[in-house]
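# Structure assessment
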Amino acid sequence: MKVLIVGGGIVGLSTAWALARRGHTPVVYDQGAVPNPMAASYDQHRIIRLAYGERDGYCRMVKPAFQAWRRLWHDLGEQHYVETGTLLIGSDADDYATLSRASFDRLSIPYDELDKAAVEGLCPFLRLGGNAWGLYNTEGGVLLADRIVNALAAWLRSQGTEIYPLTTVRGADFHNAIIALSDDTQHEADALVVAAGAWTPQLVPDLTSIVEPKRQVVVYLEPRTRDLEAWRNSPVIVDFGGTNETWAIPPVANTGLKLGAGVHRRGGDPSAPRTLEANEATQVLTYFQSHLRNLERYRIVEGRVCYYGCSNDERFVVNTTKRAVAITGCSGHMFKFGALFGLELAEFLTGAGDADAFVRWMQGKAMDG
Ligand SMILES: Cc1cc2nc3c(=O)[nH]c(=O)nc-3n(C[C@H](O)[C@H](O)[C@H](O)COP(=O)(O)OP(=O)(O)OC[C@H]3O[C@@H](n4cnc5c(N)ncnc54)[C@H](O)[C@@H]3O)c2cc1C
């Protein structure tokens, strides 16, 4: 089966991998390089973690996601994942840590509940409030995102997969699996996948009111020596507590320490120049002022602007016809499911799957309690 794939991010490349390993013929198009540094999938790291607040469905999908990554590492001959464990800081009755702990209890997922002293022992760079506690999982950690998409593209090229970088798809006919390129040529196949990230609504106008491209800034930092050592041994911090949706990824496998705050996010055009505003990296750090000791002594290495597609209900957005699937993210969540979604998309496209069941599953609803 020949499948046209628009987008060479983690979803497009994983789908191509899953199709190619089954003997099908994916053809990948991207408006930029493959992989494209402007894609949401291109950064040093992305988190994979079990904690999903109240969303039992997504939490349940993380174990299959790990299995899918293991299949990918096997095919690539190399693992691009560092298991650091994950930590969430809780303090309020309805914060993300508390909701995730309740979800773990419902799903019988093992975890450690750490008191304040134990959290400080694990992460001595933290400044914690009096009632802080930690929700810790040994499973979970850092997917080395740019290495993964580079390795996937190299694997696909080694299999002879056709990949067309610098090729913008101007239009897509979802019922007939036809795309139109900017050079006015048209291409048809048995099936079509649109995995165009934050650009998806431009190709699928039906999604304009559902998916909004959002701009997010992450900051790479170099802590002073003593803190650096502690960070190197730190779990991923999925949530520092409070309402700013703050997270941190430790400097594993020669990557940088990275901080981000979901609250520092706004609508924007993913094709716009990726320039930081004056003092914007420093502004992001203000969300961490009350969480990190010695923050004023950290050196800002780089502030980075990224775009992802956001939906109001924070569910993945999946549209299907008989011959096509369009899929895009719900903010900062989809990389971890990349390999799994690739396998599931390939299964759906090449089988006689039930479209409604497929969409419900992809949106984490089929597995909700
Ligand atoms: C700051 C940040 C932090 C995140 N943190 C996490 C995390 O910790 N864990 C996690 O699981 N997820 C995380 N995510 C989300 C995750 O990175 C994205 O959901 C995922 O990478 C999206 O992959 P994708 O393949 O759908 O899109 P993308 O990676 O954006 O790829 C889309 C590709 O489509 C191409 N394209 C678009 N339009 C066209 C067109 N018309 N013609 C040809 N090509 C086109 C683009 O050039 C691009 O290369 C984060 C995202 C951001 C921005």
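As a reminder, the structure under discussion sits directly above these lines.
Described in the following lines is the structure provided in the data block. These figures come from a predicted structure and were not determined experimentally.

We now examine the site of the ligand. Surveying the vicinity of the ligand reveals 33 residues, the closest of which are Asp30, Asn36, Ser41, Ile47 and Lys336. Backbone polar atom of Val11 to an oxygen atom of the ligand: 3.0 Å apart, as the coordinates give it. Met334 places a polar main-chain atom, nitrogen or oxygen, 3.4 Å from a nitrogen atom of the ligand. Starting from 1,000 Å² of accessible surface for the ligand in isolation, the protein chains cover 97%. Only helix H1 (10-21), strand E3 (46-48), strand E14 (211-222) and strand E18 (299-311) provide two or more residues apiece to the shell around the ligand. The residue inventory of the shell around the ligand, partitioned by class, reads 17 nonpolar, 13 polar and three charged.

The next subject is helix H2 (residues 56-76). Since there are 3.6 residues in each turn of an α-helix, residues three or four apart along the chain are aligned in direction. With 21 residues, H2 should reach 30 Å at 1.5 Å per residue; the first-to-last C-alpha distance of 31 Å fits that figure. A bend of about 30° at Lys63 is the largest found in H2, and the proline Pro64 appears one to four places after it. Gly77, located one to two residues past H2, shows a positive phi value of around 75°.

Let us look at the layout of surface pockets. Summary: where empty space remains is shown by rolling a probe the size of a single water molecule over the atoms. Approximately 170 Å³ is the volume attributed to the second largest pocket. In terms of lining, the second largest pocket is formed by Arg21, Arg22, Pro64, Gln67, Ala68, Arg71, Leu340, Leu343, Glu344, Glu347 and Trp361. Secondary-structure elements contributing two or more residues to the lining of the second largest pocket are H2 and helix H9 (338-350). Looking at side-chain class alone, the lining of the second largest pocket contains five nonpolar, one polar and five charged residues.

Strand order in this open sheet of three strands is E10-E11-E12, and the pairing throughout is antiparallel. The outermost strands of the open sheet, each flanked by one partner alone, are strand E10 (169-173) and strand E12 (186-188). When the angles between neighbouring strand axes are averaged without regard to direction, this sheet yields 20°.

Where H2 meets helix H5 (residues 145-158), the axes come as close as 11 Å, and the angle between the chain directions of the two elements is 55°. With respect to H5, the axis of H2 lies oblique. For the pair H2 and H5, the crossing hand works out as left-handed. Contacts between H2 and H5 involve Trp69, Leu72, Trp73, Asp75 and Leu76 from the first element and Ile148, Ala151, Leu152 and Trp155 from the second. Here the contact of H2 with H5 is composed, by residue class, of eight nonpolar, no polar and one charged.

Glancing now at unusual backbone geometry. Negative phi characterises most residues that are not glycine, and trans characterises most peptide bonds. At the junction of Val34 and Pro35, the peptide bond is cis and its omega measures out at -5° in the coordinates. One can find Pro35 in the loop between strand E2 (25-29) and E3. Even without a glycine there, the phi angle at Glu245 is positive, about 50°. On the secondary structure map, Glu245 appears in the loop between strand E15 (236-239) and strand E16 (246-249). The exposure class of Glu245 is partly exposed, given its relative accessible area of 38%.

Inspection of the secondary structure puts Trp17 in helix H1. Separated by 198 residues in the primary sequence, Trp17 and Arg215 have C-alpha atoms spaced 29 Å apart. Those residues within four positions of Trp17 in sequence are excluded, and the remaining contacts are Ala68, Arg71, Leu72, Asp75, Leu152, Trp155, Leu156, Ala339 and Leu343.

Let's shift gears to the pattern of salt bridges. Side-chain pairs of opposite charge can arise whenever the charged atoms involved come near each other. One pass over the structure, following the stated rule, counts 19 salt bridges. Between Arg46 and Asp43 there is a salt bridge whose closest N-O contact spans 3.3 Å. Measuring nitrogen to oxygen at the nearest pair gives 3.1 Å for the salt bridge that ties Glu113 to Arg101. Taken together, the residues Glu113 in strand E6 (residues 112-114) and Arg101 in helix H3 (residues 96-107) connect sequence positions twelve residues apart. By relative accessible area, which is 47% here, Glu113 ends up partly exposed. Taking the relative accessible area as the measure of exposure, Arg101 reaches 22% and is therefore partly exposed.

Per the stated rule, a full pass over the model turns up 16 aromatic pairs. Ring centres of Phe240 and Phe288 lie 5.4 Å apart, and the angle between their planes is 90°; this geometry places the pair in the edge-to-face category. Of the two residues, Phe240 sits in the loop between E15 and E16 while Phe288 sits in the loop between helix H8 (280-286) and E18, which places them 48 residues apart along the sequence. Here Phe240 falls in the buried class, since its relative accessible area comes to 5%.

Further remarks concern the sheet that holds strand E9 (residues 162-164). Taken in spatial order, the six strands of this open sheet run E9-E2-E1-E13-E20-E19, and their pairing is mixed. The open sheet has two edge strands, E9 and strand E19 (317-320), and neither has a second partner. Between one strand axis and the next, the sheet turns through 15° on average, direction left out of account. Across four bridges, strand E1 (residues 2-6) lies against strand E13 (residues 191-194) in parallel orientation. Paired with Val6 across the strands is Val194, a residue of E13.

Procedures and definitions
- Residues numbered from 1 in each chain as written.
- Predicted model: local features only at pLDDT ≥ 70, side-chain atom pairs only at ≥ 80, totals over all residues.
- Heavy atoms only, no water.
- Near = heavy atom within 4 Å.
- Polar contact = N/O pair within 3.5 Å; in protein donor to acceptor, adjacent residues only side chain to side chain.
- Areas by Shrake-Rupley, 256 points an atom, 1.4 Å probe, with all protein chains shown as cover.
- Helix = DSSP H or I, 4+ residues; strand = E, 2+ residues; numbered from the N terminus.
- Nonpolar A, V, L, I, M, F, W, Y, C, P; charged D, E, K, R; others polar.
- Expected span 1.5 Å × (residues − 1).
- Bend = angle between axes of the 7 residues up to and from the residue.
- 1 Å grid on protein atoms, 1.4 Å probe; cavity = no way out; pocket = protein on both sides within 12 Å on 5 of 7 lines; lining within 4 Å.
- Points joined across faces, edges and corners; volume = space filled by probe spheres on them.
- Pairing = 2+ DSSP bridges.
- Axes fitted to C-alpha atoms, helices over the stretch in contact; angles between N-to-C directions.
- Parallel < 35°, antiparallel > 145°, perpendicular 65-115°, else oblique.
- Left-handed = near helix turned anticlockwise from the far one by under 90°.
- Contact = heavy atoms within 4.5 Å.
- Buried < 20%, exposed > 50% of the residue type's maximum accessible area, 1.4 Å probe, protein only.
- Salt bridge = Lys/Arg side-chain N within 4 Å of Asp/Glu carboxyl O.
- Phe/Tyr/Trp six-rings, centres within 6.5 Å; stacked < 30°, edge-to-face > 60°.

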